[in-house]
Amino acid sequence: MQPSKRYTAASLMMASLLHHESRAGGSINSSNKNIRKKFGATAPPFIDYLKEILRRYPDGGQILKELLQNADDAEANEVVFIFDERTYGSTSLFMKDLKKFQGPALIVYNDSVFSEEDWHCIQTTGISNKRNDPSKVGQFGLGFNTIYHITDVPSIFSGKYIGILDPQEKLFGEEEAGYIWSLDDPEDRKVLELSRDQFRPFKYAMEAIGTTTWTNALKENYFKGTLFRFPLRTEPSEILASLYDRDKIFDLFDSFRADEDMNLLFLRNVASVSIKHIDTSGNVKVLSKIAALQPEHFTNFNRNLNVQSQEQVSKVKTSTCIRAISQYFVNEKHHNHWLITNCTGIAGEWGKLDDLAEKLSYTPCVGLAFPLNKVETSETSTRTDFEGRLHFFLPLPNNEANKTGLPVHINAFFGLSDNRRHIKWIESDQRYDEAAQWNELLIEKILPYAYCQLILDAITLAKTSVLKPLSVYQIWPDLEKMNHKERWVKVSKETIKCLMKHSTLCLAANEDNWITAGKAIFLLCYDQLDMKQAIENVLIKEAQPLVRVPVHVFKALEFALENQSDLNVITPASLRNILQRCDLYTFPYEQKLLLLEYVLSDEQYSSLNNLPLLPLTNGSFVKFQISSCDEPVFTDSTKFPRILLPGLEEKFLPEDLSDTLLDHLKKIAYSRKIFASA
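Residues numbered from 1 in each chain as written. Predicted model: local features only at pLDDT ≥ 70, side-chain atom pairs only at ≥ 80, totals over all residues. Heavy atoms only, no water.

Visitor: Even after reading the chapter, I still don't get the overall build of the protein, so can you show me in this structure?
Guide: Summing up its helical and strand segments, the protein has 20 helices and 23 strands in all. Within the protein, residue pairs in contact and separated by at least 24 positions form 67% of the contacts whose partners lie at least 6 positions apart. Summed over all atoms, the accessible surface of the protein reaches about 33600 Å², with 49% contributed by carbon and sulfur. (Helix = DSSP H or I, 4+ residues; strand = E, 2+ residues; numbered from the N terminus. Contact = heavy atoms within 4.5 Å. Areas by Shrake-Rupley, 256 points an atom, 1.4 Å probe, with all protein chains shown as cover.)

Visitor: Help me out: how do you make sense of helix α16 (residues 529-541) in this one?
Guide: Side chains of residues three or four places apart in an α-helix project in the same direction, reflecting 3.6 residues per turn. In this model α16 runs 18 Å from its N-terminal to its C-terminal C-alpha over 13 residues, within 8% of the 18 Å that 1.5 Å per residue would give. What α16 keeps buried is the set Met531, Lys532, Ala534, Ile535, Glu536, Val538 and Leu539. Its buried side turned inward, α16 meets β18 (521-522), β19 (546-547), α18 (572-580) and α19 (589-600). Alanine 543 occupies a position one or two residues after α16 and carries a positive phi of about 55°. (Expected span 1.5 Å × (residues − 1). Buried < 20%, exposed > 50% of the residue type's maximum accessible area, 1.4 Å probe, protein only.)

Visitor: Before we go on, may I ask you to explain the pattern of salt bridges in this structure?
Guide: Pairs can form between side chains of opposite charge once their charged atoms are near each other. According to the stated counting rule, one finds 26 salt bridges in the structure shown. Of the charged contacts in the structure, one is a salt bridge between aspartate 602 and arginine 576, with a shortest N-O distance of 2.9 Å. Of this pair, aspartate 602 sits in the loop between α19 and β21 (614-615) while arginine 576 sits in helix α18, and the two are 26 residues apart along the sequence. Overlapping salt bridges, with partners in common, bring together Glu52, Arg55 and Arg56 in one network. (Salt bridge = Lys/Arg side-chain N within 4 Å of Asp/Glu carboxyl O.)

Visitor: It is not clear to me how the sheet that holds β18 should be interpreted in this structure. Could you clarify?
Guide: Where strands meet in a sheet, backbone hydrogen bonds hold them as pairs that are either parallel or antiparallel. Across the sheet, three strands lie side by side as β19-β18-β20; this open sheet has parallel pairing. What marks the edges here is a single partner per strand, and that holds for β19 and β20 (568-569). The pairing of β18 with β20 spans two bridges and is classified as parallel. Paired with phenylalanine 522 across the bridge in β20 is valine 569. (Pairing = 2+ DSSP bridges.)

Visitor: Help me understand the nonpolar core, please; the structure alone is not making it clear to me.
Guide: Generally speaking, a soluble globular protein has its nonpolar side chains buried in company with each other. Counting 130 residues, the largest nonpolar core has Trp476 and Leu507 as its most contacted members. Look past the residues within four positions of tryptophan 476 in its chain and what remains in contact with it is Pro407, Tyr451, Ile455, Ile496, Leu499, Met500, Cys506, Leu507, His552, Val553, Ala556 and Leu557. Counting residues in hydrophobic clusters, the runner-up holds 36 residues, among them Cys582, Tyr605, Leu613 and Phe621. (Core = buried A, V, L, I, M, F, W, Y, C linked by side-chain atoms within 4.5 Å.)

Visitor: Would you mind showing me how to read the pairing of strand β11 (residues 332-345) here?
Guide: When a strand is regular, its side chains alternate between the sheet's two faces. One ladder, built from 14 bridges, connects strand β10 (residues 316-329) with β11; its direction is antiparallel. Within β11, the position partnered with serine 319 by the bridge is asparagine 342. As consecutive antiparallel partners, β10 and β11 are separated by two residues, and within that stretch valine 330 has a phi angle of approximately 55°, a positive value. Two elements, β11 and strand β12 (residues 365-371), share seven bridges in a ladder whose sense is antiparallel. When the sheet's bridge partners are listed, asparagine 342 is paired in β12 with glycine 367.

Visitor: Before we go on, may I ask you to explain the packing of α19 against helix α20 (residues 659-671) in this structure?
Guide: Any two packed helices are characterised by how steeply their axes cross, that is the angle between the axes, and by the distance between the axes. Relative orientation of the contacting elements α19 and α20 amounts to 60°, with a least axis distance of 10 Å. Considered as vectors, α19 and α20 are oriented oblique to each other. The handedness of the crossing between α19 and α20 is left-handed. Residues Leu593, Leu596, Glu597 and Leu600 of α19 form the contact with α20, whose participating residues are Thr660, Leu661, His664, Leu665 and Ile668. Counted by class, the contact of α19 with α20 contains six nonpolar, two polar and one charged residues. (Axes fitted to C-alpha atoms, helices over the stretch in contact; angles between N-to-C directions. Parallel < 35°, antiparallel > 145°, perpendicular 65-115°, else oblique. Left-handed = near helix turned anticlockwise from the far one by under 90°. Nonpolar A, V, L, I, M, F, W, Y, C, P; charged D, E, K, R; others polar.)

Visitor: Is there a simple way to think about the side chain of glutamine 437 in this case?
Guide: Looking at where glutamine 437 falls in the secondary structure, it is placed in helix α13 (residues 434-463). The contacts of glutamine 437, once residues within four sequence positions are left out, are Lys352, Leu356, Ile426, Arg431 and Tyr432.

Visitor: Explain unusual backbone geometry to me, please; I cannot follow it from the model alone.
Guide: Negative phi is the rule for most residues except glycine; trans is the rule for most peptide bonds. Despite not being glycine, glutamate 175 has its phi angle at roughly 60°, a positive value. Mapping glutamate 175 onto the fold places it in the loop between β4 (161-165) and β5 (178-182). For glutamate 175, a relative accessible area of 59% corresponds to the exposed category. Even without being glycine, asparagine 610 reaches a positive phi, approximately 70°.

Visitor: Just checking my understanding: could you explain the state of the cysteines for this structure?
Guide: Put plainly, a disulfide is one covalent bond tying together the sulfur atoms of two cysteines. Summed over all chains, the structure comprises zero disulfides. With no disulfide partner, cysteine 343 has as its closest neighbouring cysteine sulfur the one in cysteine 365, 7.7 Å distant. (Disulfide = S-S within 2.5 Å.)

Visitor: In this structure, what is going on with a negative patch on the surface? I would like to understand it.
Guide: A surface patch of negative charge is lined by Glu169, Glu174, Glu175 and Glu176. As for its placement among the helices and strands, glutamate 174 is situated in the loop between β4 and β5. (Patch = residues over 30% accessible without salt bridge, like charges linked within 9 Å, V, L, I, M, F, W, Y side chains within 5 Å. Lys, Arg positive; Asp, Glu negative; His and termini not counted. Charge placed at Lys NZ, Arg CZ, Asp CG, Glu CD.)

Visitor: Can you walk me through the packing of helix α15 (residues 486-500) against helix α17 (residues 551-560) in this structure?
Guide: At a minimum axis distance of 9 Å, the contact between α15 and α17 shows a crossing angle of 85°. Considered as vectors, α15 and α17 are oriented roughly perpendicular to each other. Taken together, the residues of α17 that come into contact with α15 (itself represented by Val489, Lys493, Ile496, Lys497 and Met500) are Ala556, Leu557, Phe559 and Ala560. Partitioned by chemical class, the residues of the contact of α15 with α17 number seven nonpolar, no polar and two charged.

Visitor: Is there a simple way to think about the packing of aromatic side chains in this case?
Guide: A ring pair, where both rings are aromatic, is described by two values, the distance of the centres and the angle of the planes. Evaluated as defined, the whole model comprises 31 aromatic pairs. Judged by centre distance (5.6 Å) and plane angle (85°), the ring pair of phenylalanine 392 and phenylalanine 413 falls under edge-to-face. You can see phenylalanine 392 sitting in strand β13 (residues 390-392) and its partner phenylalanine 413 sitting in the loop between β15 (409-412) and α13, a full 21 residues away along the chain. Each member of the pair, phenylalanine 392 as well as phenylalanine 413, is classed as buried. For the ring pair tryptophan 425 and tryptophan 488, a centre distance of 6.1 Å and an interplane angle of 80° mean the geometry is edge-to-face. Placement of the pair is tryptophan 425 in the loop between β15 and α13 and tryptophan 488 in helix α15, with a sequence separation of 63 residues. Note on tryptophan 425: relative accessible area 11%, which makes it buried. Through pairs of rings, three or more aromatic residues link up here, namely Phe94, Tyr109, Phe157, Phe172, Tyr179, Trp181, Phe199, Phe202, Trp214 and Phe223. Taking NZ or CZ as reference, lysine 493 lies 5.2 Å from the ring centre of phenylalanine 559, over its face. (Phe/Tyr/Trp six-rings, centres within 6.5 Å; stacked < 30°, edge-to-face > 60°. Lys NZ or Arg CZ within 6 Å of the ring centre and 35° of its normal.)

Visitor: How do you make sense of a nonpolar patch on the surface when you look at a structure like this?
Guide: A grouping of Phe640, Ile643, Leu644, Leu645 and Leu648 is seen on the molecular surface, where their side chains present a nonpolar patch of about 500 Å² in accessible area. Assignment of secondary structure puts phenylalanine 640 in the loop between β22 (621-625) and α20.

Visitor: What's the story with α18 in this structure? I'm lost.
Guide: Those residues of α18 lying buried are Pro572, Leu575, Arg576, Ile578 and Leu579. All buried residues of α18 project into a common sector of 165° when viewed along the axis, lining one side. Close packing links the buried residues of α18 with α16 and α19. (Arc of directions from axis to C-beta.)

Following this line, the structure appears as structure tokens:
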């Protein structure tokens, strides 16, 4: 066998180096020359390299996500996944060895076209054309190769080329890892016409998609789109021993569909993804489809964070939209609406983050998505069916590491692990990993701004009646759901501080009036709804700036503020002061009893002077007095029943008082420090 040109060149280079060494360091005798061993780094065989990729990139829905991400990077608008279960003829093939690849296959279509650079890079595994392009997310050199879980011989039709890859180099000759035909080459056109069975799978796939036809593509010498065909592996190969069949394809689809409602949230171009099945008879069935409607942009979102905060906000650019995701599955349809806010750090404002962005070719952008159609209307209710996940433009795997406990999905240009399934964080064994440093800085610096802006955007929607004020509070972090995840607890604190420190109007006194936390009055008796309602009626009557917030919102405020006394919380003492100047005449009897029970709960009985809330049997109320009076109010007991004072029945406490209220009033009676006045 004659040595290859590459091998000859290497031999000549080694000879040159040896000659140079001989002249520089003295002669090298012939015996030394004979025993000298070759030394230097070498590349592993491509098949071994491919096996390692497949080991790191597990089989499953991630395969389809990689193809979807590549389509988005290519600025495609539509993606279609098709399981074509048919077996095609083998009479007219380019070569007989291709017969076994005429069976069932996974077809993937998108409406972008391969560039010359794409054609080059798909042949150079591990060397991505996206590595220095901040606008690209996927890894063409790595992510595409996950399809070798499914197939041994993928083929591609895009623009004016049709190519077949054969990494095992078994089909087209020694050291030939594929073959390509050009639609505008006369010789290749003859092959396409003579090898009709060979290319019939592309013809019928194009018919199932419905964008154009094989005939038109040949006529125009150009296919405006990209078709991948991955024949299922039906026998063990050097690449993998595992086989792929119908059941595995449907498992693949199910795995992808598990995140279907999230897959289009943060993609920048793809707006439609379909999954289809072509059975052995050629019947085409749409299994599912998701589509993102054109986002409805709002131009009047609240940016009023005062002059002080404009310097802070000027560090970032924000954009917000409402995106409708339509889902179709068999005969079911669902429509979900999402509020999506993206926040990008302006270059030159972030120090170390700017340095890493330039060095790693990353973009300091964070996006958040909140499901508008899953909000609750009750102050005490919580969502149990929605968990915030981390995204790298597509949702990362649904595991504990990628769950934050926050009520929003978080997307960012994160630095990922080698298999693109986890985010890198600074740990003891990777303290100097720059991608991990980037991630930590991104969520520390940019994420709180983005989260704060998302809440402000929701407030704007509430002011325009798109949302209820209580729905806005569902976006706030709930500390109890974070399971002590310190990283996200810290983000929550910084987000609320960002809202608070610039006097942001973030709390609803009513649907039209939003106030700052410093001016708000909070009422916390969430578990006693009747008492809460009675107190609210007093506060509304007295025009107090009451805000009705869920428990988790108040706890978030308490946690974020260094001085918790900055929050004005209704207490028995503060309510007593308000009741002293409030006309209670119009309040129902039951509500007055509830108010009395609340103001007695701190047992500061001496503060009840002149409060007209002491109840009598006849249904009236008299004032508490700190000095003796001519007309006392009586309470009885088992030992001293009220019948012992005939004619004074109406001067006794009512018999239907709650045990709690009666205990307080008896304590007052026994203390003899406060009396009643009619």
